[in-house]
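Structural description and commentary
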Amino acid sequence: MSSKPADTHAAQDTAHDHDHEHEHEEQGGGHAGHSHGVSADADKRYLTGALALIVAFMAGEVVIGIVASSLALISDAAHMLTDAASIVLALVAMRLAAKPPNGGYTYGLKRTEILSAQANGLSLLLLSAWLGYEAIRRLFEPPEVTGGLVLGTALVGVAINVAATWMISKANRSSLNVEGAFQHILTDLYAFIATAVAGLIMVLTGFVRADAIASLVVVALMLKAGVGLVRESGRIFLEAAPAGLSPERVGQALAARPHVTEVHDLHIWQITSGMPAASAHVLVAPGEDCHAVRADLEAVLAAEYKITHTTLQVDHTHDTLLSITNAGDATEEHCDESHGPVHRPNDP
């Protein structure tokens, strides 16, 4: 996918451009100092502390939930089990993501954090389906529930989850992996609040269906968090542009820069959360400095769109293509196989 120059001089110039780009990459040109994901140890202390709190409380809650015949408590305990699993996944993923690129894994294992986030989201969705079924069944056939035990345990659970939520909130939540664990814990905090309200209602009024209703509130929260995690991790796996970033606008902005005659094969994606990348084929007006144009485009991508991991192939425009483009004919092929729209100066 590279332009064929119209004469020998252009061919030599293009070859020089590519040699310079290769040298630019080897020296770390636009990539030096990148923050590629989350470091392996930066947030380990917060996540480990939250994990210890959750596991200790979860064990006691299962016992009390069985004694009190409370689905709300058992559902909270089940959710806490997924909380613990999500934190373990986050810790493992952070360790793997910190490994340097090796062999065929040219980006390293940075997307393990996205696998972890997606696993967290799917676990929330599956658990919410089971708890939703049980809650609806208990609405029609409510068992006897010990409201006092439910209330007391839920209040302790609120305190435990406030502490765990605070710990994880101190971690780097720009990582979708850490955000997945945070959403688990935050949802569990809301769940305990709903369970405490249900316990209080049962103590004051004897309305045992409040337990099942509280469980449905928990299910709704789990569904919301689960869908969000699956959607965001799915966008990264499908190589979508970061949410809120329009490739069309980026292409138009690049094409509007001085001496740029065309931008095509523009791709914008995320290697992992917080690590956007872009590549494009850029055509420059004959006689202009390709190196300067590339540096200018890299600066625009970094400053305006926070994209610092870039690969730009820069060539001079064919004289024939330039004359056709100026004539307004967009049917001329700029390369053998183009992907996506073509952006030219003054495009609407």
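Throughout what follows, the structure given in this document is the object of discussion. This one's a predicted model, so the numbers in the text were calculated from it and none came from an experiment.

The rules behind each value
- Residues numbered from 1 in each chain as written.
- Predicted model: local features only at pLDDT ≥ 70, side-chain atom pairs only at ≥ 80, totals over all residues.
- Heavy atoms only, no water.
- Core = buried A, V, L, I, M, F, W, Y, C linked by side-chain atoms within 4.5 Å.
- Buried < 20%, exposed > 50% of the residue type's maximum accessible area, 1.4 Å probe, protein only.
- Helix = DSSP H or I, 4+ residues; strand = E, 2+ residues; numbered from the N terminus.
- Contact = heavy atoms within 4.5 Å.
- Phe/Tyr/Trp six-rings, centres within 6.5 Å; stacked < 30°, edge-to-face > 60°.
- Lys NZ or Arg CZ within 6 Å of the ring centre and 35° of its normal.

On to the nonpolar core. Membership of the largest hydrophobic core comes to 26 residues, with the highest contact counts inside it found for Leu47, Ile54, Met80, Ile87, Ile168, Ile185 and Phe192. When contributions to this core are tallied by element, the ones reaching two or more residues are helix H2 (44-68), helix H3 (71-97), helix H5 (147-169) and helix H6 (176-205). When sequence neighbours within four positions are dropped, the list of residues in contact with Leu47 reads Ile87, Ala90, Leu91, Met94 and Ile168. Of all hydrophobic cores here, the second largest spans 23 residues; its members include Leu245, Val250, Tyr305 and Ile307.

Now for helix H8 (residues 247-255). Residues of H8 that are buried include every one of Val250, Gly251, Ala253, Leu254 and Ala255, and no others. Where the residues of H8 are buried, they touch strand E1 (260-272) and helix H9 (290-305).

Under the criterion given, the structure shown has 1 aromatic pair. Judged by centre distance (5.5 Å) and plane angle (70°), the rings of Phe57 and Phe192 are edge-to-face. With Phe57 in helix H2 and Phe192 in helix H6, the pair connects residues that are 135 residues apart, well separated along the chain. Each member of the pair, Phe57 together with Phe192, is buried. When the ring centre of Tyr46 is taken as reference, the NZ or CZ atom of Arg45 above it lies at 4.9 Å.

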